[in-house]
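# Examination of the molecular architecture
Below, each chain spelled out in residue letters.
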Amino acid sequence: MTKVVVCGGAHVDRRGRISGLTAPGASNPGSWFSEAGGGGFNAARNLARLELSVTMISPRGGDAEGDMVTTAAEQAGVIDRPFIFLDRRTPSYTAILENDGNLVIALADMELYKLFTPRRAAMRAIRDAIADGELLLCDANLPEETILALTRQAKGLGKRVAGIAISPAKVVRYRQAIGLLDFLFMNEAEARALAGRNVADMAEWPGLLRAAGLRGGVVTRGGKSLVAFDGENAALLAPPFVSAVDDVTGAGDSLAAGTIFGLMGGLDIAQAARLGIACAAITLQSPYATSELLSQDSMRTALMRVPEAQAL
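Conventions adopted
- Residues numbered from 1 in each chain as written.
- Predicted model: local features only at pLDDT ≥ 70, side-chain atom pairs only at ≥ 80, totals over all residues.
- Heavy atoms only, no water.
- Helix = DSSP H or I, 4+ residues; strand = E, 2+ residues; numbered from the N terminus.
- Rg over C-alpha atoms; globule rule 2.2 N^0.38 Å.
- Buried < 20%, exposed > 50% of the residue type's maximum accessible area, 1.4 Å probe, protein only.
- Contact = heavy atoms within 4.5 Å.
- Lys, Arg positive; Asp, Glu negative; His and termini not counted.
- Charge placed at Lys NZ, Arg CZ, Asp CG, Glu CD.
- Pairing = 2+ DSSP bridges.
- Axes fitted to C-alpha atoms, helices over the stretch in contact; angles between N-to-C directions.
- Phe/Tyr/Trp six-rings, centres within 6.5 Å; stacked < 30°, edge-to-face > 60°.
- Expected span 1.5 Å × (residues − 1).
- Polar contact = N/O pair within 3.5 Å; in protein donor to acceptor, adjacent residues only side chain to side chain.
- pLDDT = per-residue confidence, 0-100.
- Left-handed = near helix turned anticlockwise from the far one by under 90°.
- Nonpolar A, V, L, I, M, F, W, Y, C, P; charged D, E, K, R; others polar.
- Arc of directions from axis to C-beta.
- Salt bridge = Lys/Arg side-chain N within 4 Å of Asp/Glu carboxyl O.

Summing up its helical and strand segments, the protein chain has 11 helices and 16 strands in all. Taking 20 Å as the expected radius of gyration for a compact globule of 312 residues, we find that the protein chain reaches 18 Å, a close match to that expectation. Taking the principal axes of the C-alpha coordinates as reference, the protein chain spans close to 50 × 50 × 40 Å. Expressed as a percentage of its 312 residues, the buried residues of the protein chain come to 54%. The long-range fraction of contacts in the protein chain, counting pairs at least 24 apart against all pairs at least 6 apart in sequence, stands at 67%. Distance between charge centres in the protein chain, computed from 31 positive and 33 negative side chains, equals 5 Å.

Here you go:
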């Protein structure tokens, strides 16, 4: 069984959803919902539901929120290897969503991830997990120096390395390690932050990001066409129309998981990204950040609605 090690965010997501039209600067009626989340953890659970062996390594507080993450890992079939700080709070992400599920604003309380230091990354248990795996996935909730230490460790062992950008403010944490990443999953705002400039045409992203040192990646634009590339090839892909978007939270993480699944199965970047789009479409129709309906069968069914890639 393919083994993936994920180092990054595994915390609590709190989402407030506005019931009607959004009124900025005013009180808005709505409802709250909480679940386990985090870019890395969302991807880990999706990969486990796609029947890969997934080990999650992340700091956690000794609180009820930490217990929520532990339970979610067990339910999804993720091998959970946290290091727990009993006197600290588990990190959290609090978002306000419009009635249609789009993000208005979010607040990330991620101080605990600073304690995932390069020294901790060098612990034997983490080194052994990476050595036993086939791919390391890091998200940008981790400190820049820790991302560098983990990616160096993995590449030194001949492993593939992928990253999830998380946000424009955090994606720059990959700059020191950019030449070690095989793939980075990001949206267009994150790509701009990483490259330090914008492009006039989506097709220009592969060249610009390669020039910045990135070997491969996927750049998304919400419900619009995305671009996927590696060292030699690039393709433009259009997502299918999703008639009933429940919540956009986690869609990018499921796209990363589906693409990684395809790449680990030997597909080229264009065909792997089609699987990622299929997974994202399933997640968009779920009220959760990871859909419990995701499986290899449901992914293949959703894939039938994903248009073929257009080579660039």
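The rest of the description comes next.
This part is about the sheet that holds strand E8 (residues 92–97). Within the open sheet, the 4 strands sit side by side as E3-E2-E8-E9. Their pairing is mixed. Each edge of the open sheet is held by one strand with a lone partner, namely strand E3 (30–37) and strand E9 (103–109). Strand after strand, the sheet turns through a mean of 15° between neighbouring axes, direction not considered. Bridge analysis of E8 against E9 gives 6 bridges, and the strand direction is antiparallel. When the bridges of E9 are listed, Ser92 appears paired with Asp109.

Let us look at the packing of aromatic side chains. Following the criterion strictly, the structure yields 3 aromatic pairs and no others. Geometrically, the ring pair formed by Phe83 and Phe85 is edge-to-face, given 6.0 Å between the ring centres and 75° between the ring planes. A residue is classified by how much of its surface remains accessible, and Phe85, at 17% relative accessible area, is buried. Site record: aromatic cluster; members linked through ring pairs are Phe83, Phe85 and Phe116.

Attention shifts here to helix H10 (residues 269–284). With 16 residues, H10 ought to run about 22 Å at 1.5 Å a step, and its terminal C-alpha atoms sit 22 Å apart, in line with that. Of all 16 residues making up H10, 15 are buried, and the element is well covered by its neighbours. A side-chain oxygen of the first residue of H10 lies 3.2 Å from the backbone nitrogen of Ala270; this N-cap is Asp268.

Averaged over the protein chain, the pLDDT score is 93; the fraction of residues at 70 or greater is 98%. Highest mean pLDDT in the protein chain belongs to strand E11 (residues 160–164) (98); lowest belongs to E9 (86).

With their axes 7 Å apart at the nearest point, helix H9 (residues 251–264) and H10 run at an angle of 145° to one another. Here H9 runs over H10; the crossing is right-handed. When H9 is examined against H10, the residues Ala251, Ser254, Leu255, Gly258, Thr259, Phe261, Gly262 and Leu263 are found in contact with a partner set consisting of Ile269, Ala272, Ala273, Leu275, Gly276, Ile277, Cys279, Ala280, Thr283 and Leu284. By residue class, the composition of the contact of H9 with H10 is 12 nonpolar, 6 polar and no charged.

Among the residues of helix H11 (residues 296–303), those classed as buried are Gln296, Ser298, Met299, Ala302 and Leu303. One side of H11 holds all its buried residues, which, seen down the axis, span an arc of 165°. Of the surrounding secondary structure, the elements contacted by the buried residues of H11 are helix H1 (39–49), H9 and H10.

What follows covers the pattern of salt bridges. With the rule as written, the count across this model stands at 11 salt bridges. Two residues, Lys3 and Asp132, come together in a salt bridge whose shortest N-O distance is 2.9 Å. A residue pair is termed long-range when its members are at least 10 positions apart, and Lys3 in strand E1 (residues 3–7) and Asp132 in helix H4 (residues 124–132) qualify at 129 residues. Residue classification places Asp132 among the partly exposed positions, given a relative accessible area of 47%. We note a salt bridge from Glu308 to Arg274, for which the minimum N-O separation is 3.6 Å. Here the residue Glu308 occupies a position in the loop between H11 and strand E16 (310–311), and Arg274 occupies one in helix H10, the gap between them amounting to 34 residues. One continuous salt-bridge network, built from bridges that share partners, spans Lys155, Asp182 and Arg215.

Strand order in the open sheet formed by 10 strands is E6-E4-E1-E10-E11-E12-E13-E14-E15-E16, and the pairing between neighbours is mixed. Each edge of the sheet is formed by a strand with only one pairing partner; in this case those strands are strand E6 (79–80) and E16. Looking at chain direction, E1 and strand E4 (residues 53–57) are connected through 5 bridges and run parallel. Its bridge partner being in E4, Cys7 is matched across the sheet by Ile57. Along the sheet, H4 makes contact with E1, E4 and strand E10 (135–139), crossing E1 at roughly 140°. Docked against the sheet, helix H5 (residues 144–156) engages E1, E10 and E11, running at close to 170° with respect to E10.

Turning next to the side chain of Ser254. Here Ser254 lies in helix H9. Within polar-contact distance, the side chain of Ser254 engages the side chain of Thr283 at 3.1 Å. Ser254 has contacts with Asn46, Gly276, Cys279, Ala280 and Thr283, leaving out every residue within four places of it along the chain.

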